[in-house]
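Fold and contact review
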Amino acid sequence: MEPSPIDTSQQDPGRRRPWVVGISGASGTPYAASVLRGLLAAGEAVDLVVSRASRLTLLDETGIAFRDAHWRPDLREWLARGADGKPETFAVREAELADVRYWPAGDLAAGPSSGSYPAKGMLIVPASTACVAGVALGLSKDLLQRVASVTLKERRPLVVAVRETPLNGPTLKHLVSLDEAGAVVLPASPAFYAGARHIQDLVDFVAGRVLDAADVPHGLYRRWEGELGGGSLGEPPAAP
C-alpha cells in the first residue's frame, strides 16, 4: 500500500524563522539593545536568550531588572533607553515587539535548543570570555551555549561579539576554534571614521557591524566610501 501524499496546501511557506539573540554577562548591554532595535526595524523575528549573569550586568549598566515573568515590559524599557542611560530615547512600537519570543536561559527544552527549530542563525552580543569558552568547548551548560552549539552543527550563521580586554592565551585559542568552526568572531571595537558625535554612535557602529555579518540591512552608521574627511565632519549615517 502506497503512503498517502503529503498535503502541502496548509503548510506556510513563510513560516517564522527568527534570529536568536543571546546576551551573556559581559559588559556591553547597549550593544545588544542596538542590535535588537536593528533587527526589529528590519522586520526580523527575534528569539531572545538572556543569561543569568547578563541580568546582573543589565541591572548594573541600566538599572533595569530583567524578569522572566515580566520580560516584555522590561525589554520595552531597555530598548527605549539610550547608551548614555537616558530613558525614552528610542520609540519602541508594540508591533515590533509582537514577533519577539523569550526563552529562559535554564530552559534546555526550549525550541532553539533543537536543530529542527527553524532559525536563521544566532548573534551573541555581547559575548563574555566564559561564554566564548563554553561555546568553543561545546559545554552547553545553559540555553545560550546550547543554541550556539546547535547553530554551528547546523551550519547556520553564528556571530560572536566578544567584549573583553585584554585577551589571554586560552581565550584567543577559543576564538580561533570558533573561527575554524565557521563562526564570525567580531570584537566589540568601535571605529571612528563613521563620524561619531555621541556614545550612541559608537555603540551603533558595533551593532551595525554585527548586522552586516548577518546580512541584515540597517542604517546604523556611516559607511566608508573611500573619501577622507567624513569622520571629522561628524556626518550622520545614511538612511537605510
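Heads up: these notes are all about the structure in this document. (Residues numbered from 1 in each chain as written. Predicted model: local features only at pLDDT ≥ 70, side-chain atom pairs only at ≥ 80, totals over all residues. Heavy atoms only, no water.)

1. Points about empty space enclosed by the protein
Summed over the entire model, instances satisfying the criterion amount to two cavities of 30 Å³ or more. Roughly 40 Å³ of internal volume is contained in the second largest cavity. Around the second largest cavity sit V20, P112, A119, G121, M122, V147, V150, T151 and R156, which together line it. Sorting the residues of the lining of the second largest cavity by element identifies β4 (121-127) and α6 (143-153) as the ones contributing at least two each. The dominant element in the lining of the second largest cavity, judged by the number of residues it contributes, is α6, at three residues. (1 Å grid on protein atoms, 1.4 Å probe; cavity = no way out; pocket = protein on both sides within 12 Å on 5 of 7 lines; lining within 4 Å. Points joined across faces, edges and corners; volume = space filled by probe spheres on them. Helix = DSSP H or I, 4+ residues; strand = E, 2+ residues; numbered from the N terminus.)

2. Structural notes on the sheet that holds strand β1 (residues 19-23)
Read across the sheet, six strands follow the order β3-β2-β1-β4-β5-β6 without closing on themselves; strand pairing throughout is parallel. Looking at which strands have only one partner, the edges of the open sheet turn out to be β3 (100-104) and β6 (184-185). Taken together, the two bridges between strand β5 (residues 158-162) and β6 define a ladder with parallel strand orientation. Residue V160 lies in a different strand from β6, and its bridge partner there is V185. This element, helix α1 (residues 29-41), spans β1, β2 (46-50), β3 and β4 of the sheet and lies at about 150° to β4. (Pairing = 2+ DSSP bridges. Contact = heavy atoms within 4.5 Å. Axes fitted to C-alpha atoms, helices over the stretch in contact; angles between N-to-C directions.)

3. As for the environment of A42
Inspection of the secondary structure assignment puts A42 in the loop between α1 and β2. Its relative accessible area of 31% is what places A42 among the partly exposed residues. Put simply, A42 and H218 are 176 residues apart on the chain and 6.9 Å apart in space, counted from C-alpha to C-alpha. With near-sequence residues (within four places) excluded, A42 lies in contact with V216 and P217. (Buried < 20%, exposed > 50% of the residue type's maximum accessible area, 1.4 Å probe, protein only.)

4. Let's talk about unusual backbone geometry
Cis geometry is found at the peptide bond from V125 to P126, where omega equals -10°. Take P126: it is sitting in strand β4. Notably, S140 is not glycine yet its phi reads approximately 55°, a positive angle. As for its position among the elements, S140 is in the loop between α5 (129-137) and α6.

5. Notes on the side chain of D47
Its location among the elements puts D47 in strand β2. Only 2.9 Å separates the side chain of D47 from the side chain of W103, close enough to count as a polar contact. Setting aside anything within four residues of it in sequence, one finds D47 in contact with R16, P18, W19, V20, V21, R101, W103, P112 and Y117. (Polar contact = N/O pair within 3.5 Å; in protein donor to acceptor, adjacent residues only side chain to side chain.)

6. Quick notes on the nonpolar core
Judged by nonpolar contacts, the single largest core of 37 residues is most densely connected at L36, L39, L48, L75, W78 and L123. When contributions to this core are tallied by element, the ones reaching two or more residues are β1, α1, β2, α3 (71-80), β3, β4, β5 and α8 (199-213). Sort the elements by how many residues they give to this core and α1 lands first, with seven residues. When near neighbours in sequence (up to four residues on either side) are disregarded, L123 contacts W19, V20, V21, G22, V35, L39, V159, V210 and A214. (Core = buried A, V, L, I, M, F, W, Y, C linked by side-chain atoms within 4.5 Å.)

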